[in-house]
Amino acid sequence: MKFLDEAKVFIHSGWGGAGCCSFRREKYIELGGPDGGDGGKGGDVYIEAVEGLNTLIDFRFRPIIKAKRGGHGMGKSRTGASGADATIKVPVGTQVFDEDGSVKLADLTEVGEKLILAEGGRGGLGNEHFKSSTNRAPRRTVPGEPGVEMTLRLRLKLIADVGLLGLPNAGKSTFLSRVSRAKPKIADYPFTTLNPQLGIVLMSGQRSFVAADIPGLIEGASEGVGLGYQFLRHIERCRVLIHLIDGTDEDVATNYKTIRGELDKYSDALEDKPEIIALNKCDALDKKAITKKIKALKKVSGAEVYELSAVTGEGLNEVLERAWKEFQGNIQDEVEVEPETPTPTDTKWSPL
């Protein structure tokens with residue numbers, strides 16, 4: 001299935017049914033009077049986050065979502081049926097914006113989260129509502145209210161715990177395929193990953209987290225060079241970033257600064273996220289070259305640098321354990337600690 005992380009949809013809630021003008025006409029019953037029923041309420045439009053979806057491709061073929069209209073009122077004081085609701089099912093992590101994309105209306109981050117986007121119109125009133133002592137045979141009715149129509153933009157931000165960053169051919173796809181059962185495309189040319197890929201990393205002790213492989217960035221991505229940085233929105237929710245550096249490149253320090261520069265241009269929120277730096281493809285280097293490049297990365301980043309080979313598996317466990325530690329620490333920081341209620345002390349009563 002093709003990956004699509006942005007879509008435009010047109011929604012229309014149902015109109016309310018019209019009220020009925022009717023009079024009771026039965027044999028042996030004189031002066032039956034008005035008995036026109038009310039119209040039914042129009043259907044609402046909901047949006048719901050469900051499991052099993054990871055793309056918005058469905059809305060390319062179904063861009064219009066309409067709820068059903070309420071039934072019209074009928075004689076014998078019968079109310080029209082309510083219109084059926086329409087539910088837009090989207091992947092977890094979908095955000096809803098207005099047509100211009102400037103106002104966020106909803107953010108669905110949990111399975112089963114359901115919100116109403118447009119309420120259906122109320123049903124109209126039948127003529128029985130207008131009978132009085134001075135108006136015994138009213139012929140007045142009220143039509144149903146129109147539904148709400150609007151154009152919305154849907155944007156998907158994948159829910160992942162750890163995001164993989166790096167230049168093209170840094171080994172992100174190979175890393176993901178080694179630590180999970182994901183099968184991303186792997187080749188010896190740049191930009192093999194054109195769409196974000198997710199994988200569940202299983203660790204010892206029944207520990208697990210979700211990792212996301214983001215298509216490679218290059219210098220000038222903020223200006224649309226290469227694939228741009230349209231996919232960086234998928235790591236805004238990540239708690240930890242793993243930055244892979246291709247050890248076979250000559251200037252690893254410049255490569256690191258290139259990615260960090262593009263991240264800073266994209267969003268300030270990415271600056272505070274824990275970052276794990278790993279020099280990848282160390283199986284193709286000798287010990288002297290590895291030491292030199294790790295030293296250069298430490299100097300430019302000021303952080304610990306891990307020695308890694310996604311092909312042979314060397315250093316994978318150390319990186320995963322560090323990611324788990326940072327991931328758990330980040331969760332603990334997000335948990336709000338309730339202030340302790342002071343325990344009353346037994347003191348002698350005093351009016352002062």
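Refer to the structure presented above.
Quick caveat, the model's predicted, so the values are computed rather than measured. (Residues numbered from 1 in each chain as written. Predicted model: local features only at pLDDT ≥ 70, side-chain atom pairs only at ≥ 80, totals over all residues. Heavy atoms only, no water.)

What follows covers the overall build of the protein. Helix and strand counts for the protein stand at five helices and 14 strands. Looking at the protein as a whole, 45% of its 352 residues qualify as buried. Partitioning the contacts of the protein with sequence separation of at least 6, the portion at a separation of at least 24 is 74%. (Helix = DSSP H or I, 4+ residues; strand = E, 2+ residues; numbered from the N terminus. Buried < 20%, exposed > 50% of the residue type's maximum accessible area, 1.4 Å probe, protein only. Contact = heavy atoms within 4.5 Å.)

So, on to the packing of aromatic side chains. Pairs of aromatic rings are described using the distance from one ring centre to the other and the angle between the two planes. Enumeration according to the criterion identifies two aromatic pairs in this entry. Centroid distance Phe209 to Phe327: 6.4 Å. Interplanar angle 50°. Geometry classified as tilted. Here Phe209, found in strand 11 (residues 207-213), pairs with Phe327, found in helix 5 (residues 316-334); they are 118 residues apart in sequence, far enough to count as distant. Both residues of the pair, Phe209 and Phe327, count as buried. Relative to Phe327, the ring of Trp324 has its centre 5.7 Å away and its plane inclined at 55°; by these criteria the two rings are tilted. (Phe/Tyr/Trp six-rings, centres within 6.5 Å; stacked < 30°, edge-to-face > 60°.)

On to the sheet that holds strand 5 (residues 94-97), then. Here five strands make up an open sheet; going across it, the order is 3-1-8-5-6 and the pairing mixed. Among the strands making up the open sheet, the edge pair consists of strand 3 (64-66) and strand 6 (104-108). Shown here is a sheet whose adjacent strand axes are inclined to one another by a mean of 25°, direction ignored. Relative to strand 8 (residues 149-156), strand 1 (residues 6-12) runs antiparallel, the two sharing seven bridges. Each residue of the ladder has a partner; that of Ile11, found in strand 8, is Met150. (Pairing = 2+ DSSP bridges. Axes fitted to C-alpha atoms, helices over the stretch in contact; angles between N-to-C directions.)

Before going further, it helps to examine the pattern of salt bridges. With the rule as written, the count across this model stands at 16 salt bridges. Here Arg24 ties to Glu26 by a salt bridge, and the two come within 3.0 Å at their closest N and O atoms. For Glu26, a relative accessible area of 37% translates into the label partly exposed. Measuring nitrogen to oxygen at the nearest pair gives 2.8 Å for the salt bridge that ties Asp107 to Arg237. Residue Asp107 is located in strand 6, and its partner Arg237 is located in the loop between strand 11 and strand 12 (240-246); the two are separated by 130 residues in the primary sequence. Sharing partners across several salt bridges, the network here consists of Glu6, Arg153 and Arg155. (Salt bridge = Lys/Arg side-chain N within 4 Å of Asp/Glu carboxyl O.)

This brings us to the nonpolar core. Residues Phe175, Phe209, Ile242 and Val319 are the most contacted members of the largest nonpolar core, which totals 25 residues. Contributions of two or more residues to this core are made by strand 9 (162-165), helix 2 (172-179), strand 10 (197-203), strand 11, strand 12, strand 13 (275-280) and helix 5. Looking at this core, the element that brings in the most residues is helix 5, giving six residues. Non-local contacts of Ile242, meaning those with residues more than four positions away in its chain, are made with Val162, Gly163, Leu164, Leu165, Phe175, Ile276, Val319 and Ala323. (Core = buried A, V, L, I, M, F, W, Y, C linked by side-chain atoms within 4.5 Å.)

Mapped onto the elements of the fold, Glu110 is located in the loop between strand 6 and strand 7 (114-118). By relative accessible area, which is 55% here, Glu110 ends up exposed. When the C-alpha atoms of Glu110 and Glu51 are compared, they prove to be 9.4 Å apart, with 59 residues separating the residues in sequence. Sequence-distant contacts of Glu110, defined by excluding residues within four places in its chain, comprise Ala49 and Val92.

What follows deals with helix 2. For helix 2, a buried count of six out of eight residues is recorded, marking the element as mostly surrounded by other parts of the structure. Where helix 2 is concerned, the buried positions are Lys172, Ser173, Thr174, Phe175, Leu176 and Val179.

A word on the side chain of Thr55. Residue placement: Thr55 occurs in the loop between strand 2 (45-50) and helix 1 (58-61). The exposure class assigned to Thr55 is buried, which follows from its relative accessible area of 5%.

This part takes up the side chain of Ser180. In this fold, Ser180 is placed in the loop between helix 2 and strand 10. For Ser180, a relative accessible area of 10% translates into the label buried. A distance of 2.7 Å separates a polar side-chain atom of Ser180 from the backbone oxygen of Leu176. (Polar contact = N/O pair within 3.5 Å; in protein donor to acceptor, adjacent residues only side chain to side chain.)

A separate point is the environment of Lys76. Mapped onto the elements of the fold, Lys76 is located in the loop between strand 3 and strand 4 (86-91). Its relative accessible area of 64% is what places Lys76 among the exposed residues. Considered as a pair, Lys76 and Phe23 are 53 residues apart in the sequence and their alpha carbons are 8.0 Å apart.

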